[in-house]
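# Notes for the structure review
One-letter residues, chain by chain:
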Amino acid sequence: MIIKKLTAVLVLLTLSNPSFSQAEQQEKKPLPKATKSQISDWIAQHAVAWDEGTKLEISGDDCRLQINRDNTSSIMNFSGILFPVEIIAKQNSKHAYVRVRFKDRYSGDYGMKKACNAQNDFCKKNVGKWSPISYFDFKVTDVVNYIGMDRDLNHSKSRKLARALTHYAKLCNATDYEFTF
Amino acid sequence: MRYHIYFFMLLLIAVTGCTTTKVQNVRYEKGQLLKHEVSDPVYTSSTQKLSLSGNQLTLEQLNNYTTKEIRIYEKVQSTNLKREGTTVTDSPFLAIIGTPGALLIDVFSFGALGVTSEIWLKDTNEWETVKEKLENDFIVDETSKRSYKSLPLAGSNIDVFINNARVDSVTTDASGNASFNLANILNRSNLHPKQFITNKGVNLEFRSEQAKTSKKVSNKNIPESYFASQFEKRRAELETRKGRYENCSFIANSKREFFECFYQS
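Residues numbered from 1 in each chain as written. Chains lettered and ligands numbered in written order. Predicted model: local features only at pLDDT ≥ 70, side-chain atom pairs only at ≥ 80, totals over all residues.

### Some points on the overall build of chain A
Scanning chain A for helices and strands turns up four helices and eight strands. Counting every position in chain A, which comprises 181 residues, the buried fraction comes to 28%. Sequence-distant contacts in chain A: of pairs separated by 6 or more residues, those separated by 24 or more amount to 56%. (Helix = DSSP H or I, 4+ residues; strand = E, 2+ residues; numbered from the N terminus. Buried ≥ 20, exposed ≤ 12 C-beta atoms within 10 Å, placed from the backbone. Contact = placed C-beta atoms within 7 Å.)

Here you go:
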């Protein structure tokens, strides 16, 4: 009897061990959502990596991303994104494009671009005229049959990027309309 | 011997022929220089000049003077007479008909006209009369040179205009100088900085009572301090376009670049 009681006490003590139960709880807790700076770093790294054919330089700070290519420089403001972030295909191209559209498409308030050429040392110097853009396409290189192919790893890249951009925009207070129709 | 006679006869014909033939258009060339006079500078007029260098203005009065230089030459009949009709001949023997220089000395020293060169030079009418008479016997070569003396104009008011609107005024110091600060002037003008980005710069003009000067200042030469103060002054207005305000703040390395970004689309 005494041995049985002791075993029961031991079992109870083991189960109520605080360190053991905390570890179990943590395993069930989902990963934290990325913060603004984390997500912008993530986007910068992945957008550059996944656009294989182009030399990109992405810099950004607090809801803005500036993307320099050889012949253009673009800047977008994530607070002005018009949802949803789309994944599109272009004719005669096997790449996927993640298209980010901006509100007030003619104003240049949320997206602008300028041409880079010898005059501004290919965007190294801040010379030249900025003009409004209504959308910006992130290219995800060489996606084969991505339409509707959930199992396709390549397609998951563009979806992941689209989700990251959406998340970043929401952190930047880009608002979607709160009604249905 | 016979040749000598022929030669003599030809000579005679030539000489007599020349003296009897009427020359229709006698021309003269300058012979020996008989007199060379340079007058003292004679005051003619004065003007005011406003000049601009960097951000410094200089106002000065220019007194203009004229110096006359007169050369009087012997009058010598030209050996290159032009033929006129059939009556004109020229002969090397009679071509040179000089007028003795001695006559001229009379004109100057005791002259019937009784004026000295200095007086004629100062009094234009007098000189013109003398010149006319002299030209009967001599060749008169007259040139004039202009010169000026400048005096600084102190304590003068100079108005500053931007794109034809008066915005400020400055006063010259003892040496006729006045300086200005373009950024301050632009700030006073109440012009919107977007004009300087989208237009072709600023037309800066300075006017004193009798002189003016102007300068075109391109966007690149407008001081950064102007854009900086305009940025602060118009911040609320700029922030109404929040996205662009943020984007341009991110892109621009200076407030000028900010305005360039903000107003170029």
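Resuming the write-up.
### Here's the deal with the interface of chain A and chain B
The interface of chain A with chain B comprises 16 residues on the first partner and 13 residues on the second. Elements with a contribution of two residues or more to the side of chain A that touches chain B: strand S2 (64–68), strand S3 (72–77) and strand S7 (131–132) of chain A. Here the residues of the side of chain A that touches chain B are counted per class, giving five nonpolar, seven polar and four charged. (Nonpolar A, V, L, I, M, F, W, Y, C, P; charged D, E, K, R; others polar.)

### With respect to the sheet that holds strand S6 (residues 111–115) of chain A
With antiparallel pairing, the five strands of this open sheet are ordered in space as S1-S2-S3-S6-S7 (chain A). Edge positions in the sheet fall to strand S1 (57–61) and S7 of chain A, since each of these pairs with one other strand and no more. Inspection of the sheet shows S1 of chain A paired to S2 of chain A by five bridges, in the antiparallel sense. Across the sheet, Ser59 of chain A pairs through a bridge with Gln66 of chain A, a residue of S2 of chain A. Across the sheet, helix H3 (residues 36–50) of chain A lies against S1 and S2 of chain A, angled at about 170° from S1 of chain A, the strand it touches most. The sheet strands contacting helix H9 (residues 242–251) of chain B are S1, S2, S3 and S6 of chain A, and the helix crosses S3 of chain A at an angle near 135°. (Pairing = 2+ DSSP bridges. Axes fitted to C-alpha atoms, helices over the stretch in contact; angles between N-to-C directions.)

### Thoughts on unusual backbone geometry
Residues and elements named next belong to chain A. The omega torsion of the bond from Phe83 to Pro84 falls at 0°, within 30 degrees of zero and hence cis. Positive phi is not limited to glycine here, since Asn92 has a value of about 55°. Look at Cys123: it is not a glycine, yet its phi comes out positive at around 75°. Residue position: Cys123 is located in the loop between S6 and S7.

### Re the confidence of the model for chain A
Here chain A shows a mean pLDDT of 82. Residues at 70 or above account for 78%. Within chain A, the lowest mean pLDDT, 53, falls on helix H1 (residues 2–15) of chain A, and the highest, 94, falls on S3 of chain A. (pLDDT = per-residue confidence, 0-100.)

### What to know about the sheet that holds strand S4 (residues 81–89) of chain A
Two strands in a sheet stick together by hydrogen bonds in their backbones, pointing the same way (parallel) or opposite ways (antiparallel). Residue and element names in this part refer to chain A. Read from one edge of the open sheet, three strands run S4-S5-S8, paired in antiparallel fashion. Each of the sheet's edge strands pairs with one partner strand only, and the pair in question is S4 and strand S8 (135–140). Taking each pair of neighbouring strands and ignoring which way they run, the sheet shows an average axis angle of 20°. Looking at chain direction, S4 and strand S5 (residues 96–102) are connected through six bridges and run antiparallel. Its bridge partner lying in S5, Ala89 is registered against Ala96.

### Let's talk about the nonpolar core
Core analysis: the biggest nonpolar cluster contains 46 residues, and Met76, Phe78, Val98, Leu161 and Leu165 of chain A have the highest contact counts within it. Ignoring any residue separated from it by four or fewer positions in sequence, one finds Leu165 of chain A in contact with Ile43, Val85, Val98 and Val100 of chain A. Membership of the second largest hydrophobic core comes to nine residues, among which are Leu59, Ile158, Val170 and Phe206 of chain B. (Core = buried A, V, L, I, M, F, W, Y, C linked by C-beta atoms within 7 Å.)

### Considerations on the environment of Leu62 of chain B
Residues and elements named next belong to chain B. Position of Leu62 among the secondary structure elements: in strand S3 (residues 56–77). C-alpha separation for the pair Leu62 and Ser150, spaced 88 residues apart in sequence, amounts to 4.5 Å. Apart from the residues within four sequence positions on either side, Leu62 is in contact with Ser46, Thr47, Lys49, Tyr148 and Ser150.

### As for helix H7 (residues 224–233) of chain B
Residue and element names in this part refer to chain B. Listed as buried for H7 are Tyr226, Phe227 and Gln230. Down the axis of H7, the sector holding all buried residues measures 95°, keeping them to one side. Set apart from the buried face of H7 by more than 90 degrees, the exposed residues are Glu224 and Glu232. (Arc of directions from axis to C-beta.)

### Some thoughts on the packing of H9 of chain B against helix H10 (residues 255–263) of chain B
Describing two packed helices takes the angle between their axes plus the distance from one axis to the other. Residue and element names in this part refer to chain B. At a minimum axis separation of 9 Å, H9 and H10 run at an interaxial angle of 140°. Accordingly, the angle class assigned to the pair H9 and H10 is oblique. Crossing of H9 over H10 shows right-handed handedness. In this structure, H9 uses Arg244, Cys248, Ser249 and Ile251 to contact H10, whose residues at the interface are Phe258, Cys261 and Phe262. Among the residues making up the contact of H9 with H10, the classes are represented as five nonpolar, one polar and one charged. (Parallel < 35°, antiparallel > 145°, perpendicular 65-115°, else oblique. Left-handed = near helix turned anticlockwise from the far one by under 90°.)

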